[in-house]
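Listed below are the residues making up each chain.
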Amino acid sequence: GEGVQAPSVDIDRATEFVTIATGPTSGIYYPIGGAFATVLGNAGYKTSAQATGASVENINLITAGEAELAIAMQDSVMQAYEGFGAFETPNTELRAAMRLWPNYVQLVTTANTGIKSVEDLKGKRVGVGAPNSGVELNARMIYEAYGMTYEDSEVDYLSYGEAIDQMKNGQCDAAFVTSGLPNSTVSELAFSYDMVIVPIDGDGRDNLINKYPFFAASIIMRRMWRAFLYITLCWSTKTFPMIWYMT
């Protein structure tokens, strides 16, 4: 049959203000959101790229009508859409505009901490991600999958950039990083320190995938990080981080 043509909509772009919810200024979401704002500004819209705590806060801003576009990790969006995890109420009005890149969750430490497994985080100082961020949701789910809670560690709600800075100063033992590969912050740590990527594997990883099937096992190749001494097993979202908006 013939396709249905979408109705045309007249928009006075000069009167429309588009707020783009991004992430911390130290992360990748902020400059990407700024680039989107520039493109929309060139198209005639009034725009602003807003620094935020990233995925969870961004979705809440969309839901509250305080942002028109947002960058968020797919697993956070699934929780918001279906109403579980960090989101009590389903929001089926969320929509995807585009896919950006595959995300990998990495647990980063240095050799002197002695951390070689997720279970070794017990009693350690761990950066679990900024409050209301997708990284923090990932960290919380990993602790759960391995039969642990935040009470087993001394956790700090720091962005991974802040946590890695603390690691360099000896004030943090490990940090969760959710990002594309390679990540410049992790690469810098690998160049200057005896960095270790802790495998996310075994029964804990299987528990994680069984409960949250939007995750899949993956392998980070040796060449990705200069300091790798071996290929490690990690995991990633099956799909991609997305920009979401309300209909």
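Residues numbered from 1 in each chain as written. Predicted model: local features only at pLDDT ≥ 70, side-chain atom pairs only at ≥ 80, totals over all residues. Heavy atoms only, no water.

Caption draft 1: Local environment of the overall build of the chain. Across its full length, the chain holds seven helices and twelve strands. With 247 residues in all, the chain has 47% of them scored as buried. Partitioning the contacts of the chain with sequence separation of at least 6, the portion at a separation of at least 24 is 72%. Put simply, the chain shows about 12,100 Å² of open surface, and 50% of that area lies on carbon and sulfur atoms. (Helix = DSSP H or I, 4+ residues; strand = E, 2+ residues; numbered from the N terminus. Buried < 20%, exposed > 50% of the residue type's maximum accessible area, 1.4 Å probe, protein only. Contact = heavy atoms within 4.5 Å. Areas by Shrake-Rupley, 256 points an atom, 1.4 Å probe, with all protein chains shown as cover.)

Caption draft 2: Layout of unusual backbone geometry. Its identity as a non-glycine residue notwithstanding, Ala54 has a phi of 90°, on the positive side. Its location among the elements puts Ala54 in the loop between strand S2 (46–50) and helix H2 (55–63). The buried category is assigned to Ala54, whose relative accessible area is 10%.

Caption draft 3: Representation of the packing of aromatic side chains. Per the stated rule, a full pass over the model turns up seven aromatic pairs. With a centroid separation of 6.4 Å and 10° between ring planes, the pair formed by Phe84 and Tyr212 is classed as stacked. Pair noted here: Phe84 is in the loop between helix H3 (74–82) and strand S4 (94–99) and Tyr212 is in the loop between helix H7 (202–211) and strand S10 (215–220), with a separation of 128 residues, a long-range link. We classify Phe84 as partly exposed; its relative accessible area is 26%. The class for Tyr212 is buried, based on a relative accessible area of 10%. (Phe/Tyr/Trp six-rings, centres within 6.5 Å; stacked < 30°, edge-to-face > 60°.)

Caption draft 4: Examining the confidence of the model for the chain more closely. The pLDDT averaged across the chain works out to 84; a share of 85% of its residues lies at or above 70. Taken together, the stretch residues 225–247 has pLDDT below 50 and engages in 125 contacts with residues farther than four places along the chain or on a different chain. (pLDDT = per-residue confidence, 0-100.)

Caption draft 5: Layout of helix H4 (residues 134–145). Here H4 contains twelve residues, and its C-alpha end-to-end distance of 16 Å stays within 8% of the 16 Å for a straight helix at 1.5 Å per residue. Taking burial as the measure, the twelve residues of H4 include ten buried ones, the bulk of the element. Gly147 sits one or two positions beyond H4 and adopts a positive phi of about 70°. (Expected span 1.5 Å × (residues − 1).)

Caption draft 6: Region of interest: the packing of H4 against H7. The contact between H4 and H7 brings their axes to 8 Å, and the two run at 115°. As for the relative orientation of H4 and H7, their crossing is right-handed in sense. The segment H4 lies against H7, with Met141, Ile142, Glu144 and Ala145 engaging Gly204, Asn207, Leu208 and Lys211. Considered class by class, the residues forming the contact of H4 with H7 number four nonpolar, two polar and two charged. (Axes fitted to C-alpha atoms, helices over the stretch in contact; angles between N-to-C directions. Left-handed = near helix turned anticlockwise from the far one by under 90°. Nonpolar A, V, L, I, M, F, W, Y, C, P; charged D, E, K, R; others polar.)

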